Structure formats: structure tokens, C-alpha cells
Amino acid sequence: MKIYTGGGDRGKTGLFSGERVAKCNLQVETYGDVDELNSTLGSLSAALPEGWTDIDGQLRLVQADLFHIGAWLAITPAARTNATLEEFTAERVLFLEKTIDAMEEQLPALSAFILPGGHASAAAAHVSRAVCRRAERRVVALMEQSDAKKLPASWQQLLRYLNRLSDYLFVLARFCNHRTGVEEPLWKP
Amino acid sequence: MNQQIYSGKLLQRSHLSADTIELAISRPRQFTFQPGQRIRLLDRFQERDYSLVNAPADRSLRLCIRLVPKGRFSTKLRAAAIGSCFEFTGPHGHFVLRPSGRPAVFVATGTGAAPFASMARAGERGFTMLHGVRSAEGLLYSDLFRTAAGAYVACISGKTSPAARMFGGRVTAYMEQKLAPGVYDFYLCGRSDMVRDVIWLIDERFPNSRVYTEIFF
Ligand SMILES: Cc1cc2nc3c(=O)[nH]c(=O)nc-3n(C[C@H](O)[C@H](O)[C@H](O)COP(=O)(O)OP(=O)(O)OC[C@H]3O[C@@H](n4cnc5c(N)ncnc54)[C@H](O)[C@@H]3O)c2cc1C
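The numbers attached to residues start from 1 for each chain and follow its sequence in the written order. A letter from A marks each chain and a number from 1 marks each ligand, given out in the order of writing. Reporting in this predicted model follows two pLDDT cut-offs: at least 70 for local features of residues, and 80 or more for side-chain atom pairs to be given and counted; totals over whole chains, interfaces and linings ignore these cut-offs and use all residues. Side-chain figures throughout are based on the complete set of non-hydrogen atoms in the structure, without hydrogens or water.

*Asks:* What is the right way to read the pattern of salt bridges from this model?
*Replies:* Two side chains bearing opposite charge may form a pair once their charged atoms approach each other closely. All names here are of chain A. Here, a salt bridge means any side-chain nitrogen of Lys or Arg that lies within 4 Å of a carboxyl oxygen of Asp or Glu. Per the stated rule, a full pass over the model turns up 25 salt bridges over all chains. Linking Arg138 and Glu29 is a salt bridge whose minimum nitrogen-to-oxygen distance equals 3.8 Å. Highlighted residues: Arg138 in helix α4 (residues 120–144) and Glu29 in helix α1 (residues 26–47), separated in sequence by 109 residues. Only protein chains enter the accessibility calculation, which uses a 1.4 Å probe; a residue whose area is less than 20% of its type maximum is buried, one above 50% is exposed, and one in between is partly exposed. Classification of Arg138 as partly exposed rests on a relative accessible area of 26%. What counts as a helix is a DSSP run of H or I of at least four residues, what counts as a strand is a run of E of at least two, and both are numbered from the N terminus.

Rendered as C-alpha cells:
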């Protein structure tokens, strides 16, 4: 299948809901951040030690969720319902919460601030976490500029999801250091 | 993505033109779709997407297929025995009508008319349909579109002079010369270079319009 048309060569792009907008439009920036986040998860997955199929499986599910989120962010709230796009539901947030809880059970309590780093996979998880926070901030900006009464329910849920995903990535970073036996770099003020 | 694999029997094959066939495939009972969506036919080595041309309520599924010279898949479809089984997944895609107060303009090249045929068969009326083909022989479902469309324009880009009530030139030329300025919902389907050229034209001449696209190749 052909992946380029050249339709976007003049600085505009099409939203999923049909509008033609400048490529620096906030909505485009926002799903661009989600795309960047998704790509960092690919690097993170490549940095996982051999045989970590449990974490790799989780990351793939998150990547699929981010694809879904990207599609929702490419719809203007005014377009309201989309006949072919599945709702993004609270069930996905629950999935993250369960996963976070399961990892945390195995981790020592936090005694100090930790610095982003350690094993390559942990360091990668921190990069993803920071990108995730940026994506979340953009979603908030997007919601602020939209008519609150028209916000799709899926947007509310994906915002919760991104918030929880940063927590997941923080815990995952710690988990990666813990499981590989690499010491967590602590902040020494 | 709908990954469930369905199986359907080839019921019928007919020629719509010298190089385009229509296949009827039996419809699995649980299979539903919206006009404009497509299925993915699978065989052991490859898979190809085809838009459905029937209405959702019809008893069989219909595909309109260009016989691409040396095309790996379409050549097989041309030769497949009636009664043989196809596996497919679907429905796929988001190229469906999104009703709004704006007038809808459908722009197709070649077999790109397929999703619009399904929409028209499902009862859509009043749209403007521009169908770009090289010669009038390539026009598909013209009776259907003539009945359903508010305006149906065959755009003949080849050298033969167009018959009465047809437009001589590409769909983009028609849009530049004849389509009244305004804000529309454009649905574009077919070749990628048509989609690109039409999008540029829309950005220039029909700002604030909505654009939905489905690219075949
Ligand atoms: C979303 C989507 C929907 C599609 N719907 C349809 C449809 O409803 N009907 C249909 O005939 N095809 C449709 N196609 C194209 C179809 O999937 C195949 O690509 C096509 O049948 C050629 O496959 P092949 O193996 O015979 O050719 P290949 O050996 O793969 O050769 C591919 C070449 O064939 C040419 N080609 C492909 N499709 C067409 C076409 N429709 N008309 C003219 N030339 C073409 C192009 O030059 C392309 O590079 C669709 C494609 C996509 C991505």
C-alpha cells in the first residue's frame, strides 16, 4: 500500500474528522507527541533484557492503546461521535493500574528521590515518562481551548490514561533496575 | 481492527467493463459493515483490500475489481472457480459518510467509485459525484449514480472527445472550472495522485471544507 500522497507537502494536513489544518496546529502537535511517546516505547522495548516477555507484552498493549488515543486526538470535539472509532474506555486505565500494583509489590519502598537512569531499559522508561508528561500537558491545553460541553468521553478517559501511564513508566523504570540488579541512582542534594 | 476471519463462497462473476469485474460472495451471517468500508481478502501468500459495493442489507457481498495487467491478486480473482471459498477479514476502514449540513462531493477515479456505489445503494441521495476515467468505457455504476446523485459528472481525461453531458478533462479541471465556490464535505477515493491534486485544490479554493480520503494505490 502506498504510504505517501504528497497531499501534505504544503504544510497542511487532514484531521481524522476531515478538517484541513496547519501542521503546527495544537491538535496535530498533540497527536504528534503521542506518536513520539509510542516510538520511545519501541526503543524501550528494544532495550529490555532478553526474555522479558511479560514487560514486552505490556508495552505492546500500551502501544496499541496509544494508536487508539492518537486517532481520538485527530478528531475535533465538534465532530462529536465517530461512527467507526471505538470508544476509549476507563477499562484501559484499570489495566494500567493493575499492572502498576503488581510491579510495585515487588519493589523496595522509595526512600529518596531517584535520578532518571540506571539500566538502559530503566533510562529509556524515564525518557518515555517525560514524553508522556508532555503529551498529557498538550492534551490539557487542547481541552482548555475546546468547548467543555462538547468534549468526547474518550478524551476524558485518555487524559486519565496518560496520567496513569506516566506513573506506570516511573514504576517500570524502577522495576527494570530492580530486576537487572542495577542500583537506582539516588539524588544527593 | 477486525481480525476475525470469515469465509464466503464465490457466487457470481460478471464484467462491468472490459477490464473490471464484479464478484458476488456469499455473506457470512454475522458479518455487518457500513457503506464505504472494505474487506481484506486473504490467500496463503498475500492479502488485498476491496471496498464493498453492495448495501449493508443485501444478501451477498459484492466487490468491483479492476483487472490489473499482471496483477498478482486480481488475476487470481478473475480465474477463481464459481463455488470456491474466500477467506477475508473486516469490515475495515473509516471511509464512511459523516452527515453534516454541508453538501457532499464524492470524487473517484476508476474503481474508486466502489464505496460510493455502496453508499448510493444504501439510500444516499443528492450528493455530487465526479467520476474520473480515461474513457467512457471505464464508467462504473453510471445508472445508479445518475439516479442517486444530485449531480453526476463523468470526467473523461483521455483523448477521445466526451459524449454529451460529460466533462472533457480530469476531475481537478472540473472542480476548478465548474464547482461553485463553497464549503463542502469532500470524499476522495482512488489513485493517490488524484487525492493529492484534489487536496491541494481544496486547500486553495474550497477552504474550511472537510476532506475524507481512501487511497487504493
Ligand atoms: C483501502 C483500499 C481499498 C481498495 N479497494 C479496491 C476496490 O474496491 N477495487 C479494486 O479493484 N481495487 C481496490 N484496491 C486495490 C487492491 O487492493 C489491489 O491493490 C489491486 O487489486 C491490485 O492487486 P494485484 O495483486 O492484482 O496487483 P499487484 O500485482 O499488487 O500490482 C499493484 C499495482 O496495480 C495497480 N492497481 C492497484 N489497484 C488498482 C485499481 N483499483 N485500478 C487500477 N490499477 C490498480 C497499481 O499500479 C499498483 O501499483 C484497494 C486498495 C486499498 C488500499
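*Asks:* Is there a simple way to think about a nonpolar patch on the surface in this case?
*Replies:* All names here are of chain A. Exposure above 30% relative accessible area and no salt bridge define the residues that can form patches, which grow by joining like charges within 9 Å and nonpolar side chains of Val, Leu, Ile, Met, Phe, Trp and Tyr within 5 Å. Working definition of accessibility: Shrake-Rupley area with a 1.4 Å probe, residue cover restricted to the visible protein chains. Nonpolar side chains collect at one region of the surface, where Phe113, Leu115 and Trp187 lie side by side and expose about 340 Å² of accessible area between them. Along the chain, the position of Trp187 falls in the segment after α5 (153–180). With a relative accessible area of 44%, Trp187 lands in the partly exposed category.

*Asks:* What is the right way to read the pairing of strand β9 (residues 151–156) of chain B from this model?
*Replies:* Residue and element names in this part refer to chain B. In terms of residue burial, β9 counts as a mostly covered element, since 5 of its 6 residues are buried. Sheet topology places strand β8 (residues 128–133) next to β9; 6 bridges connect them, and they run parallel. Within the sheet, the bridge partner assigned to Val133 lies in β9 and is Ile156. Note that the unit made of β8, helix α3 (residues 142–148) and β9 has a crossover that is right-handed. In this analysis, strands are considered paired if DSSP registers two or more bridges between them. One ladder, built from 2 bridges, connects β9 with strand β10 (residues 167–168); its direction is parallel. Bridged to Ile156 within β10 is Gly168. For the handedness criterion, the strands are oriented away from the viewer, and a crossover whose path from the first strand over the helix to the second runs clockwise is classed as right-handed.

*Asks:* Help me understand the packing of aromatic side chains, please; the structure alone is not making it clear to me.
*Replies:* Both the distance between ring centres and the angle between the ring planes are used here to describe each pair of aromatic rings. For this analysis, a ring pair means two rings from Phe, Tyr or Trp (six-membered ring only for Trp) whose centres lie within 6.5 Å, classed as stacked if their planes differ by under 30 degrees, edge-to-face if by over 60, and tilted for the remaining angles. The tally for this structure, following the rule as stated, stands at 19 aromatic pairs over all chains. Centre to centre, the rings of Tyr184 of chain B and Phe206 of chain B are 5.7 Å apart; their planes meet at 70°, and the pair counts as edge-to-face. Of this pair, Tyr184 of chain B sits in the loop between α4 (171–177) and β11 (185–190) while Phe206 of chain B is found in the loop between α5 (192–205) and β12 (210–215), placing the two residues 22 residues apart along the sequence. When sorted by exposure, Tyr184 of chain B lands in the same class as Phe206 of chain B, which is buried. One aromatic cluster is present, built from ring pairs that chain together Phe95, Phe106, Phe116, Phe127, Tyr187 and Tyr212 of chain B. The criterion for a charge sitting over a ring is simple: Lys NZ or Arg CZ within 6 Å of the ring centre, and within 35 degrees of the ring normal. The residue whose ring lies beneath Arg179 of chain A is Trp52 of chain A, and the NZ or CZ to ring-centre distance is 4.6 Å.

*Asks:* Explain unusual backbone geometry to me, please; I cannot follow it from the model alone.
*Replies:* With glycine set apart, most residues show a phi of negative sign, and most peptide bonds adopt trans. Residues and elements named next belong to chain B. Looking along the chain, the bond that leaves Gly90 and enters Pro91 is cis, with omega of -5°. Structurally, the position occupied by Pro91 is in strand β6 (residues 85–92). The phi torsion at Asn208 lies on the positive side, around 70°, for a residue other than glycine. By the secondary structure assignment, Asn208 is in the loop between α5 and β12. By relative accessible area, which is 64% here, Asn208 ends up exposed.

*Asks:* I keep staring at the state of the cysteines and nothing clicks. Help me out?
*Replies:* As used here, a disulfide is simply a covalent bond connecting the sulfur atoms of two cysteines. All names here are of chain A. The rule for a disulfide is simple: a pair of cysteine sulfur atoms within 2.5 Å. In this structure the tally under the stated criterion is 0 disulfides over all chains. We note that Cys132 lacks a disulfide partner, and the nearest cysteine sulfur, in Cys176, lies 15 Å from it. Overall, Cys132 belongs to the buried group, its relative accessible area being 0%. Cys176 gets classed as buried once you look at its relative accessible area, which sits at 0%.

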